[in-house]
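A look at the structure
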Amino acid sequence: MELNYGASRQQPRQDAAMQRFREHRFGQFVHWGLYAMPAGYWQGTEYRFAAEFLQKTANIPEPEWAELAQQFSAEAFDADAWAALAARSGVKYATFTTKHHDGFCLWPSQYTDFHSGNTPAARDFIGELVAAYQRHGIDVYLYYSVLDWHHPDWRYRLESAEDQQAFKRYLDFAMNQLVELAQRYPSVKGFWFDGTWDESVKANGRWTWEVEQRLKELIPGLIVSSRLRADDLGARHRDSNGSLMGDYESGYERRLPDPWDRSVCEQDWEACMTIPQASWGYHAGPWAKRTRKSAAELIDMIAHCTSLSGNFLLNFGPRGDGSIDPEDAALAEQIGNWLAQNGAAIYGKGVATNWSYPGWGYYTQEADSETVYAVVTKWPTARRLRLQLPAGERLLAATLLREPALQLNPQELETSLFELELGNSSEETLVFELTTAAAEEQSWTEPNPDV
Ligand SMILES: C[C@@H]1O/C(=N\OC(=O)Nc2ccccc2)[C@@H](O)[C@H](O)[C@@H]1O
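What follows is about the sheet that holds strand β18 (residues 417-421). With antiparallel pairing, the three strands of this open sheet are ordered in space as β14-β18-β17. Strands with a single pairing partner mark the edges of an open sheet, and in this sheet they are β14 (384-388) and β17 (411-414). When strand polarity is set aside, the average angle formed by the axes of neighbouring strands in this sheet is 30°. Pairing of β17 with β18, which is carried by three bridges, proceeds in the antiparallel orientation.

Quick look at the packing of aromatic side chains now. Inspection of every chain in the model, using the stated rule, returns 34 aromatic pairs. When the ring of Trp42 is compared with that of Trp65, the centres are 6.2 Å apart and the planes differ by 35°; the resulting orientation is tilted. In this pair, Trp42 sits in strand β2 (residues 41-42) while Trp65 sits in helix α3 (residues 62-66), placing the two residues 23 residues apart along the sequence. We note that Trp42, like Trp65, is buried. Summarising the aromatic geometry, the rings of Tyr170 and Phe173 are spaced 5.5 Å apart at their centres and angled 50° between planes, so their arrangement reads as tilted. On the criterion of helical spacing, the pair formed by Tyr170 and Phe173 is a turn pair, its members being three residues apart in helix α6 (residues 161-184).

Near the ligand you find Phe29, His31, Glu52, Phe53, His100, His101, Tyr143, Asp194, Trp197, Arg227, Glu253 and Trp280, and these make up its full shell. His31 places a side-chain nitrogen or oxygen 2.8 Å from an oxygen atom of the ligand. The side chain of His100 places a nitrogen or oxygen atom 2.9 Å from an oxygen atom of the ligand. Here the shell around the ligand is built from residues that sort into five nonpolar, three polar and four charged.

The step from Asp258 to Pro259 runs through a cis peptide bond, and the omega angle for that step is 5°. Notably, Ala39 is not glycine yet its phi reads approximately 55°, a positive angle. Assignment of secondary structure puts Ala39 in the loop between β1 (26-30) and β2. Positive phi, normally seen in glycine, also occurs at Asn59, with a value near 50°. Locating Asn59 in the fold gives a position in the loop between α2 (54-57) and α3. When its relative accessible area of 66% is taken as the criterion, Asn59 is described as exposed.

Thresholds, definitions, all that
Residues numbered from 1 in each chain as written. Predicted model: local features only at pLDDT ≥ 70, side-chain atom pairs only at ≥ 80, totals over all residues. Heavy atoms only, no water. Pairing = 2+ DSSP bridges. Helix = DSSP H or I, 4+ residues; strand = E, 2+ residues; numbered from the N terminus. Axes fitted to C-alpha atoms, helices over the stretch in contact; angles between N-to-C directions. Phe/Tyr/Trp six-rings, centres within 6.5 Å; stacked < 30°, edge-to-face > 60°. Buried < 20%, exposed > 50% of the residue type's maximum accessible area, 1.4 Å probe, protein only. Near = heavy atom within 4 Å. Polar contact = N/O pair within 3.5 Å; in protein donor to acceptor, adjacent residues only side chain to side chain. Nonpolar A, V, L, I, M, F, W, Y, C, P; charged D, E, K, R; others polar.

Purely spatial values, then, with no claim about function.
So this is what it looks like as structure tokens:
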């Protein structure tokens, strides 16, 4: 159907900026703001819900919540330390919350007084982070919540002329803030949008289309997530004709494409993930701590996304004083150590075309390259690995990526089916670089059933 504010393209972007985003594969998400101070607790009670929603879960009156800004000193905040840890963790890009649903801005916005300049910290945290991360060679993306609990003109739905007028003022405010962010931080590579699920925003598909156009005028090559977009009829992420809006699909949140489905890689996409089960902001309670994921689980997710040509954005929730939780720092180092040895199977890689899903892990491959990697994340108790190659291919060798390099000689079980004896290799997540060749002519011919 004819749409004025639907998808602006039918095929994935092929420009250099988008290719760079694709090749990153692994990124750091950071949720930090006033909510990191109460960290899931209010008046001595632990609220077992996402820490960044505490204002709502604990029914805190807005003025009382806004008072938190007067305690926001972030005395332990050190952008360079965050960036150095991120670099050691192996991430190639980072996405920071500039304003989450509570409306508090981590930059000195001229359009509101509810920002980090008006706190005891009196700092432009976004400016410091953009500079520090770029010094460490990490591309920066900015998260912006359209949903804003603080702004008096926010509306969930538009039921009256007054609602319409107020929400028009709100959308002008939000557009002004987004232009302000693009003009203050023109080196950022993209915007990650959130808080666009309410009826009020879905009724303003044109505004979401204008935001994308305006930001891309200000920063050529900018990348915008699908979550910003609604079309003429309020359809989100994909327009009413089913075409993806924005530059990549950002609907995978705390979940990955499961079961493994090759059709997912037809579009660019990114999954975002928390370390605890369900809190993006720092939660100090046992509720969050007991559900933390291990490095092995997160490495499996990185490989899972790569095997379907998607990116994995792992979230860190720094503490209220600006320090990084030591458990999160240790996890980041563990993942970084694995990537330092096995990153060849992740960075710049994507789906291994013609290779079927093996079950014990994932195959990855660089587009237009013969080299395929096998990332073994589910340890076969039989200690043997069976690899079903594409028809007509033979496996010549499998070389372990981590030191000391170990070359395994595959046993050919039958045409295109090979087996690796893993012996007593340590049960960490292993990666093999596979050397393949076209199968020679068969030395025997199939018995002729007609004889
Ligand atoms: C990355 C996460 O994104 C969110 N929400 O994402 C959603 O997509 N939520 C949603 C989606 C559909 C319907 C209702 C809510 C936020 O609420 C959360 O605090 C965090 O910033």
